[in-house]
Amino acid sequence: EAGCTPFAVSLIMDYFPKESRGSAMGFYNWGIYAGYSLSYAVGNYVTDANILGQVSFESDLTGTVRSSVCGWSICC
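- The name given to the protein in an unreviewed UniProt entry is Major facilitator superfamily (MFS) profile domain-containing protein, with Chiloscyllium punctatum as the source organism.
- Taken directly from UniProt, the Subcellular location (unreviewed entry) text for the protein runs: "Membrane".

1. Thoughts on a nonpolar patch on the surface
And then number 1: There is a patch of nonpolar side chains on the surface, built from Phe57, Leu61, Val65 and Val69 and spanning about 390 Å² of accessible area.
And then number 2: Topologically, Val65 is positioned in helix 3 (residues 52-75).

2. Notes on the packing of helix 1 (residues 5-15) against helix 2 (residues 21-48)
And then number 1: Helix 2 packs onto helix 1 with a crossing angle of 150° between their chain directions and a minimal axis gap of 10 Å. Relative to helix 2, the element helix 1 lies roughly antiparallel. Here the hand of the crossing between helix 1 and helix 2 comes out right-handed. Contact residues: Thr5, Ala8, Val9, Ile12 and Met13 in helix 1; Arg21, Ala24, Met25 and Tyr28 in helix 2.
And then number 2: Taken together, the residues of the contact of helix 1 with helix 2 sort by class into 7 nonpolar, 1 polar and 1 charged.

3. What to know about helix 2
Working note: α-helix, 3.6 residues per turn, so residues spaced by three or four point in the same direction.
And then number 1: The end-to-end C-alpha distance of helix 2 is 41 Å, a good match for the 40 Å that 28 residues give at a rise of 1.5 Å each.
And then number 2: Among all positions of helix 2, only Ala24, Met25, Ala34 and Val46 are buried.
And then number 3: Looking one or two residues past helix 2, Asn50 carries a phi angle of roughly 55°, positive in sign.

What counts, and where the lines are drawn
Chains are numbered independently. Their residues run from 1 in the order of the written sequence. For this predicted model, a pLDDT threshold of at least 70 governs which residues receive local features, and a threshold of 80 or more governs which side-chain atom pairs are given and counted, while totals over whole chains, interfaces and linings are taken from all residues. Here the side-chain values reflect all heavy atoms present in the structure, with hydrogen atoms and water set aside. UniProt positions are given in the numbering used here, feature names are shortened, and annotations may be inferred rather than shown by experiment. In this scheme, patches are assembled from residues that exceed 30% relative accessible area and form no salt bridge. Like charges are connected within 9 Å, while nonpolar side chains (Val, Leu, Ile, Met, Phe, Trp, Tyr) are connected within 5 Å. Using a 1.4 Å probe, accessible areas were evaluated by the Shrake-Rupley method; residue-level cover was limited to the displayed protein chains. The salt bridge definition used is simple: a Lys or Arg side-chain nitrogen within 4 Å of an Asp or Glu carboxyl oxygen. Think of it this way: any DSSP run of H or I at least four residues long counts as a helix, any run of E at least two long counts as a strand, and we number them from the N terminus. Axis lines are fitted through C-alpha atoms, for helices just across the contact stretch, and the angle between N-to-C directions can take any value from 0 to 180 degrees. For classification, angles of less than 35 degrees are called roughly parallel, those exceeding 145 degrees roughly antiparallel, those between 65 and 115 degrees roughly perpendicular, and all remaining angles oblique. Put simply, a crossing is left-handed when the front helix is turned counterclockwise from the back one by less than a right angle, and right-handed when it is turned clockwise. Whether two residues touch is decided by their heavy atoms; if any such pair falls within 4.5 Å, the residues are in contact. Under this grouping Gly is polar, as are all residues other than the nonpolar Ala, Val, Leu, Ile, Met, Phe, Trp, Tyr, Cys and Pro and the charged Asp, Glu, Lys and Arg. Helix span, expected: 1.5 Å multiplied by one less than the number of residues in the helix. Throughout this description, buried means an accessible area under 20% of the type-specific maximum (1.4 Å probe, protein chains only), exposed means over 50%, and partly exposed covers the range between.

And the structure:
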């Protein structure tokens, strides 16, 4: 959050007219609370359904693929 906020505010100020900047900032800041709420809901579902191993494997796999693509794009 702290790293993205200056850039997000700058982009919001560039892309939205003065009349709707307040709504755009409110929507941006609402994402923090929605993310916290979803993390609890999804986390409870994952642990209750006993699919923690599957979720960990899938997130590790996507992270490995993304880091490989990123590394390849930097090197080439």
